[in-house]
Amino acid sequence: MPRSTAPPPPVLLAPGPPPFGPADSGLVAEIEAYLASLPAPARTPVPYVCPYGSTVRPWQAGHPEPRATLLDRALGRPARPVPVAAADHLRLASRYIGAHGWLQGAMWDEAGRVCLLGAQAAVLAHGYGTPATVRTARVQLMEVLHATGRPARSPDEYNDRPTTREGDVHQLLDRAAARAARLGL
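This one's a predicted model, so the numbers in the text were calculated from it and none came from an experiment.

1. A short note on the pattern of salt bridges
Counted by the stated rule, this structure contains seven salt bridges. Taking the shortest distance from any N to any O, the salt bridge between R91 and D88 comes out at 2.9 Å. With R91 and D88 both in helix 4 (residues 86-100), this residue pair falls three residues apart, about one helical turn. Taking relative accessible area as the criterion, D88 reaches 25% and is therefore assigned partly exposed. For D109, the salt bridge identified is with R113, shortest N-O distance 2.6 Å. A relative accessible area of 35% means that R113 is categorised as partly exposed. A single salt-bridge network, built from bridges that share partners, covers R153, E157 and R161.

Next up, the structure:
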């Protein structure tokens, strides 16, 4: 018997690239043209969220706006001040400094930054509290300064010291507010 030779096994070739690709078919150009014909999406404004995770609020948030009564408007006088406690006045002063910036050596500047006294004056000028409230708050500031071993002739002198930083002023205001709240002022 003759020996038969088996045919060689078929070679399987990997399929090659198709004769044309997506770019050659015009599909990509058609999709790009369609997307270009769509109207641009409307951008809806969203509130700014600060890096700490809360929405920016006005410095006087939580306190009502001073409102002029009918008699105030008829007589052309400003609205009555919103009554606030000395503790609230100190917290508002801290928030005012946080919102507008802190300054040393002057009550305020053209950029709107204020010192400790400037913040208290601004809170009062915006209609929160009375001059008696400010005096009580300043007494609390002096008490905290002396109790913490930082004697000064006034809170303004402490504000203008070269070693004082904005964080120190906020801490002073927070401690004085806590003391005033504890005392019911």
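Alright, that's what it looks like, and here's the rest.
2. Quick word on the side chain of H89
Among the secondary structure elements, H89 is positioned in helix 4. Accessibility expressed as a relative area gives 0% for H89, which makes it buried. Separated by 3.4 Å, the side chains of H89 and Q120 make a polar contact.

3. Looking at helix 8 (residues 166-183)
Look at helix 8: 26 Å from first C-alpha to last across 18 residues, which is about the 26 Å you get at 1.5 Å a residue. Considered for burial, the residues of helix 8 that qualify are V169, H170, L172, L173, A176, A177 and A180. Buried residues of helix 8, viewed axially, fall in a sector of 160°; they line one side. Close packing links the buried residues of helix 8 with helix 4, helix 5 (116-125), helix 6 (131-147) and helix 7 (155-160).

Procedures and definitions
Along each chain, numbering runs from 1 in the same order as the chain's sequence is written. In keeping with the predicted nature of the model, local features appear solely for residues at pLDDT of at least 70, side-chain atom pairs appear and are counted solely at 80 or more, and the whole-chain, interface and lining totals rest on all residues. Only hydrogens and water are removed before side-chain values are computed, so all heavy atoms of the structure are retained for them. Salt bridges are defined by distance alone: a side-chain nitrogen of Lys or Arg within 4 Å of a carboxyl oxygen of Asp or Glu. Secondary structure follows DSSP: runs of H or I at least 4 residues long count as helices, runs of E at least 2 residues long count as strands, and numbering of each begins at the N terminus. Note on classification: 1.4 Å probe, protein chains only; a residue is buried when its accessible area is under 20% of the maximum for its type, exposed when over 50%, partly exposed between these limits. Definition of a polar contact: a pair of N or O atoms within 3.5 Å, with one able to donate and the other able to accept a hydrogen when the atoms are protein atoms, and with sequence-neighbouring residues admitted only if both atoms are side-chain atoms. One fewer than the residue count of a helix, multiplied by 1.5 Å, yields its expected span. In this context, the arc is that of the directions from the helix axis out to the C-beta atoms. A contact between two residues is defined here by any heavy atoms of the two lying within 4.5 Å.

Fair warning: the whole summary comes from geometry, so function is off the table for now.
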